[in-house]
Amino acid sequence: MTHNFFAGPAILPQEVLAKASAAARNLEEMGLSILEISHRSDFFKGVMDDAVNTCKRLLNIPDDYAVLFLTGGASSQFYMVPMNILKSDETAAYVDTGTWSTKAIKEAKMFGNVETIASSKEDNYTSIPNIDGMDLSQYRYLHITSNNTIFGTQYDEFPEVNTRLVCDMSSDIFSRPFDVTKFDVVYAGAQKNMGPAGTTLVIVKKDILDKVDRPIPTMLNYSTHVAKNSGFNTHPVFPIYVSMLTMQWVEKQGGVTAMVARNSEKADALYAEIDRNALFTANINGQDRSKMNVTFQLKNADLNDAFLTHCKEHNLLGLKGHRSVGGFRASIYNAMELDSVKVLVQAMQSFESHHA
Ligand SMILES: *Cc1c(COP(=O)(O)O)cnc(C)c1O
């Protein structure tokens, strides 16, 4: 068995892969493959409704929010958010917690004023800045990144703020409950914790739309997709279908609350080994440690290649850290089983016994 620690596209539940492959051959309901049916068919309309409704149930989303499945990745949300909700004379606040926030900031500057109100850049993004108590009422919104996929930090608790909150949850959506009503926009590319690459979940509070006066291309206007239930143009049928299956799987496991217990168990086991093992070190500490992307280093970087080879021999794949950080990264999303983390922990222990 291969253990998939890749950061994204990433692991999916085995049960989802089995259903998705069966549907790629033949949907019993239609006698056709999911890949060759109309996005206007009743079958796919049912899939879309199931995807939206399962998402609403999992995250307890009230009716004044729209749940959209768009294309263009989370990266397109970096510009769609300010294009749709920031007037050119308004200012948006951003917290800079690494690569993805930096990219979001760059795009927002094309549409209005942007202030980076806090950043962990000086400590190489090894922490989440504390913004408690800051007065943000002059800003149109505050943008944060809930889990920093590359650096391995995560908001343990979301900040209480006195402005609208926009959040990139690409790499930890459905990993824990949160109060949607504290947010005006939440978005997530599917390929980390929700499904295959090709669709992006956007949860948007409807009453913030249609307030800016710039012209917005039809495809980039949230209101287009709200009015058409994400179906203005051809849906990414297969990514939405597999995302729906994954959300149903989460629900069957007991929902996002069950994911908290599942993910904590895995993260605790792995961080405990990193902290115990004489060869390894973690550069993220305390409550800022991500439960989705665990980053760690060998104290002696000369052993890096040997460790990756050792991992490969144990069928542990995808552990090389992002090129901008180095070291190692174990992505342990919802779908990963505790057993796979245990295999990694054992490999770290056997590596230690060879090299101590
Ligand atoms: C992967 C990732 C993105 C980019 O997603 P795309 O779908 O590739 O555009 C943005 N934000 C975060 C936090 C990510 O992990």
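Residues numbered from 1 in each chain as written. Predicted model: local features only at pLDDT ≥ 70, side-chain atom pairs only at ≥ 80, totals over all residues. Heavy atoms only, no water.

**Student:** Would you explain the overall build of the chain in this entry?
**Tutor:** Of regular secondary structure, the chain possesses nine helices and 14 strands. A globule of 356 residues ought to have a C-alpha radius of gyration of about 21 Å, and the chain, at 21 Å, matches this closely. Expressed along its principal axes, the backbone C-alpha trace of the chain runs to roughly 65 × 55 × 30 Å. Of all 356 residues assigned to the chain, the portion counted as buried reaches 57%. A gap of 4 Å separates the mean positions of the 33 positive and 40 negative side-chain charges of the chain. (Helix = DSSP H or I, 4+ residues; strand = E, 2+ residues; numbered from the N terminus. Rg over C-alpha atoms; globule rule 2.2 N^0.38 Å. Buried < 20%, exposed > 50% of the residue type's maximum accessible area, 1.4 Å probe, protein only. Lys, Arg positive; Asp, Glu negative; His and termini not counted. Charge placed at Lys NZ, Arg CZ, Asp CG, Glu CD.)

**Student:** What is the right way to read helix α7 (residues 255–276) from this model?
**Tutor:** The end-to-end C-alpha distance of α7 is 32 Å, a good match for the 32 Å that 22 residues give at a rise of 1.5 Å each. All of the buried residues along α7 are Gly255, Val256, Met259, Arg262, Asn263, Ser264, Lys266, Ala267, Leu270, Tyr271, Glu273 and Ile274. Buried-residue contacts for α7 involve α2 (42–59), α6 (237–253), β11 (280–281), β12 (293–298), β14 (328–331) and α9 (338–355). (Expected span 1.5 Å × (residues − 1). Contact = heavy atoms within 4.5 Å.)

**Student:** Sorry if this is basic, but what is going on with the pattern of salt bridges here?
**Tutor:** Any two side chains of opposite charge can pair, given that their charged atoms come close. Inspection of every chain in the model, using the stated rule, returns eleven salt bridges. The partner of Glu15 in a salt bridge is Lys19, with the nearest N and O atoms 3.8 Å apart. Note that Glu15 and Lys19 are positioned in helix α1 (residues 14–25) at a spacing of four residues, about one turn of the helix. Residue class for Glu15 comes out partly exposed when judged on its relative accessible area of 31%. Lys19 gets classed as partly exposed once you look at its relative accessible area, which sits at 40%. (Salt bridge = Lys/Arg side-chain N within 4 Å of Asp/Glu carboxyl O.)

**Student:** Would you take a moment to explain the site of the ligand for this structure?
**Tutor:** Around the ligand, the structure places 13 residues, and the nearest of them are Ser75, Thr149, Asp168, Gln191 and Lys192. A distance of 2.4 Å separates an oxygen atom of the ligand from a polar side-chain atom of Thr149. Lys192 places a polar side-chain atom, nitrogen or oxygen, 2.6 Å from an oxygen atom of the ligand. Across the complex, the protein chains shield 88% of the 390 Å² of accessible surface that the ligand would expose by itself. A total of four residues in the shell around the ligand trace back to one element, the largest contributor, which is helix α3 (residues 73–85). (Near = heavy atom within 4 Å. Polar contact = N/O pair within 3.5 Å; in protein donor to acceptor, adjacent residues only side chain to side chain. Areas by Shrake-Rupley, 256 points an atom, 1.4 Å probe, with all protein chains shown as cover.)

**Student:** Where do I start with the layout of surface pockets in this structure?
**Tutor:** The calculated volume of the largest pocket comes to roughly 290 Å³. What lines the largest pocket is a set of 14 residues, and nearest its centre among them are Asn130, Asp132, Tyr155, Glu157 and Gln287. Class assignment of the residues belonging to the lining of the largest pocket gives a composition of six nonpolar, three polar and five charged. (1 Å grid on protein atoms, 1.4 Å probe; cavity = no way out; pocket = protein on both sides within 12 Å on 5 of 7 lines; lining within 4 Å. Points joined across faces, edges and corners; volume = space filled by probe spheres on them. Nonpolar A, V, L, I, M, F, W, Y, C, P; charged D, E, K, R; others polar.)

**Student:** I keep staring at empty space enclosed by the protein and nothing clicks. Help me out?
**Tutor:** Going through the model one piece at a time under the given rule, you end up with one cavity of 30 Å³ or more. What the largest cavity holds in volume is close to 40 Å³. Residue lining of the largest cavity: Ile11, Leu12, Pro13, Lys192, Asn193, Met194, Thr246, Trp249, Val250, Asn334 and Ala335, and that is the complete set. When its residues are assigned to classes, the lining of the largest cavity shows seven nonpolar, three polar and one charged.

**Student:** What exactly am I supposed to notice about helix α4 (residues 99–108) here?
**Tutor:** Three or four residues apart is the spacing at which side chains of an α-helix point the same way, because the helix has 3.6 residues per turn. All of the buried residues along α4 are Ser101, Ala104, Ile105, Glu107 and Ala108. Around the axis of α4, the buried residues are gathered within 165° of arc, so they sit on the same side. Residues of α4 that are buried make contact with α3, β3 (91–96), β4 (113–119), β5 (141–145) and β6 (147–148). (Arc of directions from axis to C-beta.)

**Student:** Help me understand the packing of aromatic side chains in this model?
**Tutor:** The geometry of two aromatic rings is summed up by the distance between their centres and the angle between their planes. Evaluated as defined, the whole model comprises 15 aromatic pairs. With centroids separated by 5.0 Å and ring planes inclined at 55°, the aromatic side chains of Tyr125 and Phe151 adopt a geometry described as tilted. One end of the pair, Tyr125, is in the loop between β4 and β5; the other, Phe151, is in the loop between β6 and β7 (153–154), and 26 residues separate them in sequence. With respect to burial, Tyr125 and Phe151 carry one shared label: buried. Considering the side-chain rings of Phe296 and Phe328, the 5.6 Å spacing of their centres and the 35° angle between planes classify their relative orientation as tilted. One end of the pair, Phe296, is in strand β12; the other, Phe328, is in strand β14, and 32 residues separate them in sequence. A relative accessible area of 0% means that Phe296 is categorised as buried. (Phe/Tyr/Trp six-rings, centres within 6.5 Å; stacked < 30°, edge-to-face > 60°.)

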